[in-house]
Amino acid sequence: MIIIGEKINGTIPSVGQAIQNRDENFIRDLAIRQAEAGADYIDVCAGTSPEEELDTLKWLMDIVQDAVDKPLCIDSPNPRTIEAVFKYAKKPGIINSVSGEGGKCEVIYPLIQGTPWQVIALTCDDRGIPSDVNTRVEISKVLIEKALKYDIQPERIHIDPLVISLPTDNLSLLKFVETMNIIKKMYPTVKITSGLSNISFGMPYRKIVNMCFLTIAVFSGMDSAIMDPCNKDMLAAVLATEALIGKDRYCRKYNNAYRKGLIGVKKEG
């Protein structure tokens, strides 16, 4: 399971305040804590006004890369902003994201052509976010086939089927799993990812809904997740599920995380 740490995002109020105050120590601490909790990539998203985004994103990238040795997930809705800051990344990571909207693919795909960089591809286009499985699959096919024209193979692509909140669509999880299964049958090496919290939007006690979604999605074949690795319960759900489905030999990852205090209640003494 590939964990993309989500905490450095300017749309989160505390992070937005830190960005406004240029609080380098706050951002550095978030990066270190996510890395220590097991994040494979650190997502950096400015979440500011368009005119401030480029400078802010570079500022965040510099701090995170100075603090930890993890690759970045460069996150912006504007492909031109990603293009402008791309050269400041010290090692290959993930671009977040492309979609069928506008000409995003035509900016991002040439940018990562001939590199090891990966990319998150959202199943939406100029018509919006589809609720049905077939349209999500068709958009995925378009995004993957476009990538192949730039020699970007499916294993470098994380398809995000954009799960809809459960109160809006009671079949949301089932559609997510069905979409994932169809895409993986067509492109066996492609990765599937998700932002976990969308499923529970508008519900009480959201954490338990997110955890159950995560468990079912990992069991069904989801490869990566944009999540908070510092949330012990969410991390435990990932590790326990991997152990239960035979992906953690002798439960070593689970037991090591417990001993380090990354999951469970840390014992005193």
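Scroll up for the structure.
If you're wondering where the values come from, they're calculated on a predicted model, not measured in any experiment.

## Some thoughts on the sheet that holds strand S5 (residues 118-125)
Working step 1: Sheet architecture is open: eight strands sit in the order S7-S6-S5-S4-S3-S2-S1-S8, paired in parallel fashion. Two strands in the sheet have a free side with no partner beyond their single neighbour: strand S7 (191-192) and strand S8 (224-227).
Working step 2: In the sheet, strand S1 (residues 2-9) pairs with S8 via four bridges, with the strands oriented parallel. Bridge assignment links Ile3 to a residue of S8, and that residue is Ala225.
Working step 3: The sheet contacts of helix H2 (residues 24-36) involve S1 and strand S2 (41-45), and relative to S1 the element is tilted by about 165°.
Working step 4: Helix H6 (residues 133-148) rests against strand S4 (94-100), S5 and strand S6 (157-160) of the sheet, and its axis sits at about 140° to S5.

## Concerning the packing of aromatic side chains
Working step 1: Under the counting rule described, the total for this entry stands at three aromatic pairs.
Working step 2: Relative to Trp117, the ring of Phe86 lies with its centre 4.8 Å away and its plane at 50°, an arrangement referred to as tilted. Of the two residues, Phe86 sits in the loop between helix H4 (79-85) and S4 while Trp117 sits in the loop between helix H5 (104-112) and S5, which places them 31 residues apart along the sequence.
Working step 3: For Phe86, a relative accessible area of 15% puts it in the buried group.
Working step 4: Relative to Phe213, the ring of Phe176 has its centre 5.3 Å away and its plane inclined at 70°; by these criteria the two rings are edge-to-face. Of this pair, Phe176 sits in helix H7 (residues 172-186) while Phe213 is found in helix H8 (residues 206-220), placing the two residues 37 residues apart along the sequence. For the pair formed by Phe176 and Phe213, the shared burial category is buried.
Working step 5: Of note, Arg22 hangs over the ring of Trp59, and the distance from its end group to the ring centre comes to 4.6 Å.
Working step 6: The ring of Tyr88 is capped by Lys58, whose NZ or CZ atom sits 4.7 Å from the centre of that ring.

## What about the nonpolar core?
Working step 1: Core analysis: the biggest nonpolar cluster contains 73 residues, and Ile74 and Met222 have the highest contact counts within it.
Working step 2: In this structure Met222 touches Met1, Phe176, Met180, Ile192, Thr193, Ser194, Leu196, Leu214 and Ala217, once residues within four positions along its chain are discounted.
Working step 3: Tyr41, Cys73, Ile94 and Leu122 belong to the second largest nonpolar core, which has nine residues in total.

## Considerations on the pairing of strand S3 (residues 72-75)
Working step 1: Along S3, one buried face is formed by Leu72 and Ile74 and the opposite face, lined by Cys73 and Asp75, is buried too.
Working step 2: Inspection of the sheet shows S2 paired to S3 by four bridges, in the parallel sense. By the bridge assignment, Val44 is partnered in S3 with Ile74.
Working step 3: With helix H3 (residues 50-67) bridging S2 and its parallel neighbour S3, the resulting β-α-β unit is right-handed.
Working step 4: Where S3 and S4 come together, three bridges link them in parallel fashion. From the neighbouring strand, Asp75 faces S4, where its bridge partner is Asn96.
Working step 5: Handedness of the crossover joining S3 and S4 through H4 is recorded here as right-handed.

Definitions and limits used
- Residues numbered from 1 in each chain as written.
- Predicted model: local features only at pLDDT ≥ 70, side-chain atom pairs only at ≥ 80, totals over all residues.
- Heavy atoms only, no water.
- Pairing = 2+ DSSP bridges.
- Helix = DSSP H or I, 4+ residues; strand = E, 2+ residues; numbered from the N terminus.
- Contact = heavy atoms within 4.5 Å.
- Axes fitted to C-alpha atoms, helices over the stretch in contact; angles between N-to-C directions.
- Phe/Tyr/Trp six-rings, centres within 6.5 Å; stacked < 30°, edge-to-face > 60°.
- Buried < 20%, exposed > 50% of the residue type's maximum accessible area, 1.4 Å probe, protein only.
- Lys NZ or Arg CZ within 6 Å of the ring centre and 35° of its normal.
- Core = buried A, V, L, I, M, F, W, Y, C linked by side-chain atoms within 4.5 Å.
- Right-handed = clockwise from strand over helix to strand, strands pointing away.

Functional significance is not addressed by these values, which are geometric in nature.
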